[in-house]
Amino acid sequence: AANASVDYPEVAVTHQKSAPVAAADAPAPQDEADAPVRLAEAHQARTTASDASHITVPTTMPEVSTEAGRFGLGRAALPEEVAAWNHDIMPDGSNLPVGSGDVWTGDEVFAEHCASCHGDFAEGRDNWPKLAGGQGTLADKDPLKTVGSYWPYLSTTFDYIRRSMPFGNAQSLSDDDVYAITAYILYSNDLVDDDFVLSNETFMDVEMPNAEGFIVDDRETTEAHFWAEPCMENCKGSVEITMRASVLDVTPDEGEDTATSEETGPPVEEQAAAPQAEPVQQAAAEEAAPEAQAGASIDMALAAEGEGVFKKCKSCHQVGDGAKNRTGPMLNGVVGATIGQVEGFKYSNDMAALGEAGRSWTAEDLNAFLEKPKDFLKKTKMSFAGLRKEEDRLAVIEYLKTFQ
Amino acid sequence: GPDPLITEKQDWATGLGDGVDATPYGLPIKYEDDVVRRNVPWLTADPISSINFTPIHALDGTITPQGCAFERHHSGAIELKKEDYRLMINGLVDTPLVFSYADLERFPRENRVYFCECAANTGMEWAGAQLNGAQFTHGMIHNMEYTGIPLRTLLEEAGLAAAGDLKDKWVYVEGADASSNGRSIPMDKALDDVLVAFKANGEALRKEHGYPVRLVVPGWEGNMWVKWLRRIEVTEAAVESREETSKYTDTLADGTSRKWTWVMDAKSVVTSPSPQSPIRHGKGPLVITGLAWSGRGAITRVDVSKDGGKTWETARLAQEGQNKALTRFYLDTTWDGEDMLLQSRAMDETGYVQPTKHQLREVRGENSVYHNNCIQTWHVKPNGEAENVEVS
């Protein structure tokens, strides 16, 4: 317990003195000797609360061992290994790959890979992030933070799309596609014209509206009055309750064991900001159940739930009258049909091979495929990450059964 | 009359229980199955990129069991074998290096207890009292004993001479998952107390906490504690990644935003009684307990108020406060059965005092989302039930 509160200074120097170092030699006694010094500093900070001496980050740089490779562990990273992982783009555009993409190409690529979550016009669907709009709202009650209204550097957008998007199929886009998508997001935010071509050469020409909108953490000064001896008695006159959580009633139901669950319902719209997004709008479940076509074997209530779940699939798959192949094949009659046989859709070779081997979409296979498409078939073209909840998968399969 | 639990022979006193190995790795007994992580489904679009909450209302002591320690994923919790694990150090170093997991086990290692708090903890409460339970208002936190290698040891192994003057240099860290969650850390912090950890509470990290290796950035916001750590790059400047610009920045009332707000301010909460942990025993002896922590160092004092902040009593710390770790406090008191407006207020070794929500709003407005360390109020009613409220 003694060294649990010890900060971590100067260990390298200690090692240098006692080299060669065996694992058992680490934390050297010097660690403990330093502890009182740190505490003394802390005490001093307490008595001079109005200045910045309570800063957490050490103001002096710890000394560093100059003896590299002391342990001789690890191996040199090969240049191609560093290149494979070192993707970060700096705000000044350094490390950008050579490439380009225009707004209209971006429109197409975005529709194919991004619109299912972010909306056709980058306006966001359900709780997924909105990428466009919101300029001038940052001082409003509920600011809309998008690439256009909030993000200070374009490098962040390019870097993030290239490393992490599309969700569930990261690093699948070409650099040119990433340029094109980025160009389309800029266009959606009215930041470039429709003939704009984004490339490693035009990248730094783009001006981000909120580039000057950030200040470095200033709590040590603007909140210096929080460092003050607190009141213990007669600190207030009267105390009134001004707000109750039960009014909003958005706490998840925990069952009878707690005092929280009298009335449950969907969250109201005017509640406080959530860390990531707005509350879900509960439109899906209320929509009318699909028409029964296959008779009594279909659980229509479950199918109605499935229609809500199917919203996640809609950007790539169509069902019903006039359904056509889009990013994914149309899905009329898919339950029970031979795998990979919808006319006019180009399946991956492996998916087509399953059908040629005579395999069909049983409910079990569909369930497994929808849970984790790439576990079911490594080379499926479906980039969707999967439906984690069994109940969602069963509901969507039931919904698909209504289109026989 | 006499208690039949005492006077009658019980099955458990006459028959036999389970043999050893009934559960090769044990879970809590079924009677505790309500003590679990929970999420708030409406918060996020998809549980793959979401957060859940530690059941702090039902725990005691300070160490969080891994199995109920909150999770936050940006692209889901991945399965990465030790054999497939690689850690790269590159950028402004003398020799870019690659370590295997087995390599890491050969460096001198340390044991340290630290809290990890999400910057968004209590974030849903900025504009008003919203979620009814300490788990939901304050459960984006856990506290574990980490076993790991000081980051400075690994940086020194690669050699920092190539970086020149270290004062303005940065370290960019990223994970192996699809989000990679890259974050920039100033070099002085990287050389101070950051750990590259591979054990928590004595056992391997759980998948959901970054198995096999995560970063531990003591006192700083949880998003920087990169899981499935795969790369450390010494850079000239901050990368300004998505998670340090579009997220985890604090928008003030005038629309400007603070960035690089890494340190988690001193904070505390009464975990019991609380909405999920009501008083069931009526008036008489009552243990009021809670947790306090500070990203600036050790907790030195916690005060508790039963009247919404008019008067305060200093609580008993279960142990002396530890550097950047959770501290448990108790107020052993007598309840008269009347309404209470319960609050707790933490102080740390720098003299910082946990502010009220009103004080925070005066400086920051209501749109900050992150870093809400305000004093929390529970209204405990005569029936023993408690509710999350705001007071004047």
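It should be emphasised that the depicted structure is a prediction, and the values quoted were computed from it without experimental measurement. (Residues numbered from 1 in each chain as written. Chains lettered and ligands numbered in written order. Predicted model: local features only at pLDDT ≥ 70, side-chain atom pairs only at ≥ 80, totals over all residues. Heavy atoms only, no water.)

Overview of helix H4 (residues 103-113) of chain A
Think of an α-helix as 3.6 residues a turn; residues three or four steps apart then line up on the same face.
Residue and element names in this part refer to chain A.
Phase 1: By the burial criterion, the buried members of H4 are Val103, Gly106, Val109 and Phe110. One side of H4 holds all its buried residues, which, seen down the axis, span an arc of 120°.
Phase 2: Where H4 begins, the side chain of Asp102 points an oxygen toward the backbone nitrogen of Trp104, at a separation of 3.0 Å. (Buried < 20%, exposed > 50% of the residue type's maximum accessible area, 1.4 Å probe, protein only. Helix = DSSP H or I, 4+ residues; strand = E, 2+ residues; numbered from the N terminus. Arc of directions from axis to C-beta. Polar contact = N/O pair within 3.5 Å; in protein donor to acceptor, adjacent residues only side chain to side chain.)

Notes on the sheet that holds strand E16 (residues 267-272) of chain B
Phase 1: Spatial strand order, E16-E17-E21-E20 (chain B): four strands in an open sheet with antiparallel pairing. Taken across any chain shown, the strands that pair with only one partner, and hence form the sheet edges, are E16 and strand E20 (316-317) of chain B. (Pairing = 2+ DSSP bridges.)

As for the side chain of Thr137 of chain B
Residues and elements named next belong to chain B.
Phase 1: Secondary-structure assignment places Thr137 in helix H4 (residues 134-138).
Phase 2: Residue Thr137 is classed as buried on the basis of its relative accessible area, which comes to 1%.
Phase 3: Thr137 has contacts with Asn121, Thr122, Glu125, Leu131, Gln376, Trp378 and Asn388, leaving out every residue within four places of it along the chain. (Contact = heavy atoms within 4.5 Å.)

A look at the nonpolar core
Phase 1: Judged by nonpolar contacts, the single largest core of 74 residues is most densely connected at Leu155, Met187 and Leu229 of chain B.
Phase 2: Per-element tally for this core: the top contributor is strand E10 (residues 195-200) of chain B, with five residues.
Phase 3: Excluding its chain neighbours within four sequence positions, the residues that come into contact with Met187 of chain B are Met61 of chain A together with Leu155, Leu160, Leu166, Lys169, Trp170, Val171 and Val234 of chain B.
Phase 4: Val147, Tyr160, Phe167 and Met208 of chain A belong to the second largest nonpolar core, which has 38 residues in total. (Core = buried A, V, L, I, M, F, W, Y, C linked by side-chain atoms within 4.5 Å.)

Thoughts on the state of the cysteines
Phase 1: Overall, the coordinates contain one disulfide over all chains when judged by the stated rule.
Phase 2: Residue pairing for Cys231 of chain A: its cysteine sulfur links by disulfide to Cys235 of chain A, the two sulfurs lying 2.1 Å apart. Its S-S torsion of approximately -100° makes the covalent link between Cys231 of chain A and Cys235 of chain A left-handed.
Phase 3: Note on Cys231 of chain A: relative accessible area 33%, which makes it partly exposed.
Phase 4: The class for Cys235 of chain A is partly exposed, based on a relative accessible area of 26%.
Phase 5: No disulfide involves Cys117 of chain A; its sulfur sits 9.0 Å from the nearest other cysteine sulfur, which is in Cys114 of chain A.
Phase 6: As a non-bridged cysteine, Cys116 of chain B has Cys118 of chain B as the owner of its nearest cysteine sulfur, 8.1 Å distant. (Disulfide = S-S within 2.5 Å.)

Looking at the interface of chain B and chain A
Phase 1: On the side of chain A, 122 residues touch chain B, which itself brings 141 residues to the contact.
Phase 2: Carbon and sulfur atoms make up 56% of the area that chain B and chain A hide from each other, which totals about 11,300 Å².
Phase 3: In this assembly, chain B and chain A are joined by 10 salt bridges.
Phase 4: Arg258 of chain B serves as the salt-bridge partner of Asp218 of chain A, at 2.8 Å between the closest nitrogen and oxygen.
Phase 5: Here chain B is connected to chain A by 56 residue pairs in polar contact (both at pLDDT 80 or more).
Phase 6: Each residue belonging to the side of chain B that touches chain A can be placed in one class, and the counts come to 52 nonpolar, 43 polar and 46 charged.
Phase 7: For strand E5 (residues 241-244) of chain A and strand E24 (residues 386-391) of chain B, the ladder comprises three bridges, and the chain directions are antiparallel. Bridging from a neighbouring strand, Met243 of chain A pairs with Glu390 of chain B of E24 of chain B. (Buried area = accessible area lost by both parts, 1.4 Å probe. Salt bridge = Lys/Arg side-chain N within 4 Å of Asp/Glu carboxyl O. Nonpolar A, V, L, I, M, F, W, Y, C, P; charged D, E, K, R; others polar.)

Some thoughts on a nonpolar patch on the surface
Phase 1: Taken together, the side chains of Leu5, Ile6 and Trp12 of chain B define a hydrophobic patch exposed on the protein surface, amounting to about 430 Å² of accessible area.
Phase 2: Mapped onto the secondary structure, Ile6 of chain B falls in helix H1 (residues 4-7). (Patch = residues over 30% accessible without salt bridge, like charges linked within 9 Å, V, L, I, M, F, W, Y side chains within 5 Å. Areas by Shrake-Rupley, 256 points an atom, 1.4 Å probe, with all protein chains shown as cover.)

Side note on the confidence of the model for chain A
Phase 1: When pLDDT is averaged along chain A, the result is 76, and 74% of the positions lie at 70 or above.
Phase 2: Here residues 255-296 of chain A scores under 50 on pLDDT; set against residues more than four positions off or in separate chains, the count is 79 contacts. (pLDDT = per-residue confidence, 0-100.)

Quick look at the packing of helix H10 (residues 300-309) of chain A against helix H14 (residues 390-401) of chain A
Residues and elements named next belong to chain A.
Phase 1: One way to put it is that H10 packs onto H14 with a least axis distance of 7 Å and a crossing angle of 105°. The orientation of H10 with respect to H14, classified from their angle, is roughly perpendicular. Counted together, Leu302, Ala303, Glu305, Gly306, Glu307 and Val309 of H10 and Asp392, Leu394, Ala395, Val396, Glu398 and Tyr399 of H14 form the full contact between these two elements.
Phase 2: Partitioning the contact of H10 with H14 into residue classes produces seven nonpolar, one polar and four charged. (Axes fitted to C-alpha atoms, helices over the stretch in contact; angles between N-to-C directions. Parallel < 35°, antiparallel > 145°, perpendicular 65-115°, else oblique.)

Some details on the side chain of Glu233 of chain B
Phase 1: With respect to the helices and strands, the residue Glu233 of chain B is situated in strand E13 (residues 229-235).
Phase 2: At 2.9 Å, the side chain of Glu233 of chain B forms a polar contact with the side chain of Arg231 of chain B.

Overview of unusual backbone geometry
Phase 1: Following Tyr211 of chain B, the chain continues to Pro212 of chain B via a peptide bond in cis, the omega torsion being 5°.
Phase 2: Among the structural elements, Pro212 of chain B can be located in the loop between strand E11 (203-204) and strand E12 (214-216).
Phase 3: Following Ser272 of chain B, the chain continues into Pro273 of chain B via a peptide bond in cis, with omega recorded as 0°.
Phase 4: Within the chain, Ala122 of chain A stands out as a residue other than glycine whose phi angle is a positive 65°.
Phase 5: Examined against the element boundaries, Ala122 of chain A turns out to sit in the loop between helix H5 (115-118) and helix H6 (154-164).
Phase 6: Of note in this structure, Asp249 of chain A is not a glycine but carries a positive phi near 55°.
Phase 7: Mapped onto the elements, Asp249 of chain A comes out in the loop between helix H9 (245-248) and H10.

Topic: the packing of aromatic side chains
How two aromatic rings sit relative to each other is set out by the distance from centre to centre and by the angle between their planes.
Phase 1: The full count for this structure, using the stated rule, is 26 aromatic pairs over all chains.
Phase 2: When the centroid spacing of 5.2 Å and the interplanar angle of 70° are considered together, the rings of Phe71 of chain A and Phe107 of chain B count as edge-to-face. Here the residue Phe71 of chain A occupies a position in the loop between helix H2 (29-47) and strand E1 (75-76), and Phe107 of chain B occupies one in the loop between helix H3 (101-104) and strand E6 (110-117), the pair thus bridging two chains.
Phase 3: Its relative accessible area of 18% is what places Phe71 of chain A among the buried residues.
Phase 4: Ring-pair connections join several aromatic residues into one group, and the members of that group are Trp104, Phe110, Tyr184 and Tyr187 of chain A.
Phase 5: Note that Lys145 of chain A overlies the ring of Tyr150 of chain A, its terminal NZ or CZ placed 4.6 Å from the centroid. (Phe/Tyr/Trp six-rings, centres within 6.5 Å; stacked < 30°, edge-to-face > 60°. Lys NZ or Arg CZ within 6 Å of the ring centre and 35° of its normal.)

Digging into the sheet that holds strand E9 (residues 183-186) of chain B
Phase 1: Taken together, the six strands give an open sheet; going across it, the order is E1(A)-E5(B)-E4(B)-E13(B)-E8(B)-E9(B), and neighbouring strands pair in mixed fashion. With partners counted over all chains shown, the strands left at the sheet margins are E1 of chain A together with E9 of chain B, one partner each.
Phase 2: Taken together, the four bridges between strand E8 (residues 170-175) of chain B and E9 of chain B define a ladder with antiparallel strand orientation. Residue pairing in the sheet places Val173 of chain B in a bridge with Arg183 of chain B of E9 of chain B.

Focus: the environment of Leu16 of chain B
All names here are of chain B.
Phase 1: Summarising the element assignment, Leu16 is placed in the loop between helix H2 (11-14) and strand E1 (38-39).
Phase 2: Using a relative accessible area of 87% as the deciding quantity, one classes Leu16 as exposed.
Phase 3: The spatial distance from the C-alpha of Leu16 to the C-alpha of Gly61 is 32 Å, given a sequence separation of 45 residues.

Notes on the pairing of E13 of chain B
All names here are of chain B.
Phase 1: Within E13, seven of the seven residues are buried, leaving the element largely enclosed by the surrounding structure.
Phase 2: Bridge analysis of strand E4 (residues 86-91) against E13 gives four bridges, and the strand direction is parallel. Residue pairing across strands places Gly91 opposite Val234, the latter belonging to E13.

Let's talk about the environment of Gln343 of chain B
Residue and element names in this part refer to chain B.
Phase 1: By the secondary structure assignment, Gln343 is in strand E22 (residues 340-348).
Phase 2: Gln343 sits in the buried class, given a relative accessible area of 5%.
Phase 3: Considering only alpha carbons, one finds Gln343 and Trp312, 31 residues apart in sequence, at a separation of 8.9 Å.
Phase 4: Those residues within four positions of Gln343 in sequence are excluded, and the remaining contacts are Val270, Asp303, Val304, Ser305, Gly308, Gly309, Trp312, Ile375, Gln376, Thr377 and Val391.
Phase 5: A polar contact is formed between the side chain of Gln343 and the side chain of Thr377, at a distance of 2.9 Å.

Focus: the pattern of salt bridges
Phase 1: According to the stated counting rule, one finds 48 salt bridges over all chains in the structure shown.
Phase 2: A salt bridge links Arg296 of chain B to Glu220 of chain A; its shortest N-O distance comes to 3.7 Å. Of the two residues, Arg296 of chain B is situated in the loop between strand E17 (284-293) and strand E18 (299-305) and Glu220 of chain A in helix H8 (residues 219-222); the pairing between them involves two chains. The same class applies to Arg296 of chain B and to Glu220 of chain A, which are both buried.
Phase 3: Its salt-bridge partner being Arg301 of chain B, residue Glu229 of chain A comes within 3.0 Å of it at the nearest N-O pair. One end of the pair, Glu229 of chain A, is in the loop between H8 and E5; the other, Arg301 of chain B, is in strand E18, on a second chain.
Phase 4: A relative accessible area of 61% means that Glu229 of chain A is categorised as exposed.
Phase 5: Look at the salt bridges and you will find they share partners, linking Asp217, Asp218, Arg219, Glu220 and Glu223 of chain A together with Arg258, Asp265, Arg296 and Arg364 of chain B into a network.

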